[in-house]
Amino acid sequence: MDEDKSKKLIELELDQLIISMDGLTKKTYEKVRVKSDYDTVINNIDNLLRLRGNRKKPFIRMQYTEVPENRHETEEFYKYWKDKVDEVSISYYLEFDSVEKSKENNKEVPVYRYSCEQLWQRVVVLCDGRVSLCGTDIIPHVVVGNANTQSISDIWQSKKLNNIRRLHKEGGYSKMPMCKICVHHQSESDKFQLETLFK
């Protein structure tokens, strides 16, 4: 994301640009993002923001995934970026066996919202042709079709996927093990709570 690439993206009027930066300080960022260069990244972000100026595009979202190594910087990260970019999103890492762990622990997750937009946005085809519920479910725990034997259109409009969408619209996503512990619904809730939490 050097200056030349930033100029081209701005000229193209890209709708949204998501920057993942999992640390506020050089020490923490380079510990989480191994072999990265904090100074280069910060310089590139500063240039992007300067070049965009008062334009509305691209909408710039700063994304931060909280892990044990950077948890001590979460609040300050939000405060630092909230007036520099259009949106700051704080999410939490998800272990691949989280569904099994949540079953063992009988973890109760509060209901923050009614439905996940991914069900209406994308199709995730895995390397063996199976279509998973979403980009988070890469094991997968929920298979909604198979691209080797079905068209994407048929999978997209399938009874199974539409039933899952209906469940979400009715506020029942927490009835599905994968959706119940998903990082996306937790981070979505945080977007509404950050101003209160980090005053």
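K.L.:
Any details on the pairing of strand β2 (residues 59–66)? Residues and values, ideally.
P.N.:
Both strand β1 (residues 16–20) and β2 contribute to a ladder of five bridges, which runs parallel. Residue Ser 20 lies in a different strand from β2, and its bridge partner there is Gln 63. Across six bridges, the pairing between β2 and strand β3 (residues 87–92) is parallel. For Gln 63, the partnering residue across the bridge sits in β3 and is Ser 89.

K.L.:
Could you give me a rundown of the sheet that holds strand β4 (residues 124–125), with the residues and numbers involved?
P.N.:
The sheet built from three strands is open, its strands ordered β4-β5-β6 with antiparallel pairing. Edge positions in the sheet fall to β4 and β6 (143–146), since each has one partner strand and no second. Here two bridges tie β4 to strand β5 (residues 130–132), and the two strands are oriented antiparallel to one another. For Val 124, the partnering residue across the bridge sits in β5 and is Ser 132.

K.L.:
Summarise the side chain of Glu 66; cite the residues concerned and give the values.
P.N.:
Here Glu 66 lies in strand β2. Taking the relative accessible area as the measure of exposure, Glu 66 reaches 11% and is therefore buried. Polar contacts involving the side chain of Glu 66 include one to the side chain of Arg 71, which spans 3.1 Å. Here Thr 74 takes part through its side chain, which lies 2.7 Å from a polar atom of the side chain of Glu 66. Setting aside its immediate chain neighbours within four residues, Glu 66 contacts Arg 71, Thr 74, Ser 91, Tyr 92 and Tyr 93.

K.L.:
An account of the packing of aromatic side chains is needed here, citing residue identities and associated values.
P.N.:
Enumeration over the complete set of coordinates arrives at four aromatic pairs. Here Tyr 64 and Phe 77 contribute two aromatic rings whose centre-to-centre distance is 4.3 Å and whose plane-to-plane angle is 35°, an arrangement assigned as tilted. In this pair, Tyr 64 is assigned in strand β2 and Phe 77 in helix α4 (residues 74–81), connecting sequence segments 13 residues apart. You'll find Tyr 64 and Phe 77 in the same group, each marked buried. Measuring from centroid to centroid gives 4.9 Å for Tyr 80 and Trp 81, while their planes differ by 85°, and the two rings are edge-to-face. Take Trp 81: its relative accessible area is 1%, and that puts it in the buried class. Three or more aromatic residues joined by ring pairs make a cluster, and in this case those are Tyr 64, Phe 77, Tyr 80 and Trp 81. Taking the ring centre of Tyr 80 as reference, the NZ or CZ of Lys 84 above it sits at 4.7 Å. Seen from the ring of Trp 156, Arg 165 lies directly overhead, with NZ or CZ sitting 4.4 Å from the centre.

What counts, and at which threshold
Residues numbered from 1 in each chain as written. Predicted model: local features only at pLDDT ≥ 70, side-chain atom pairs only at ≥ 80, totals over all residues. Heavy atoms only, no water. Pairing = 2+ DSSP bridges. Helix = DSSP H or I, 4+ residues; strand = E, 2+ residues; numbered from the N terminus. Buried < 20%, exposed > 50% of the residue type's maximum accessible area, 1.4 Å probe, protein only. Polar contact = N/O pair within 3.5 Å; in protein donor to acceptor, adjacent residues only side chain to side chain. Contact = heavy atoms within 4.5 Å. Phe/Tyr/Trp six-rings, centres within 6.5 Å; stacked < 30°, edge-to-face > 60°. Lys NZ or Arg CZ within 6 Å of the ring centre and 35° of its normal.

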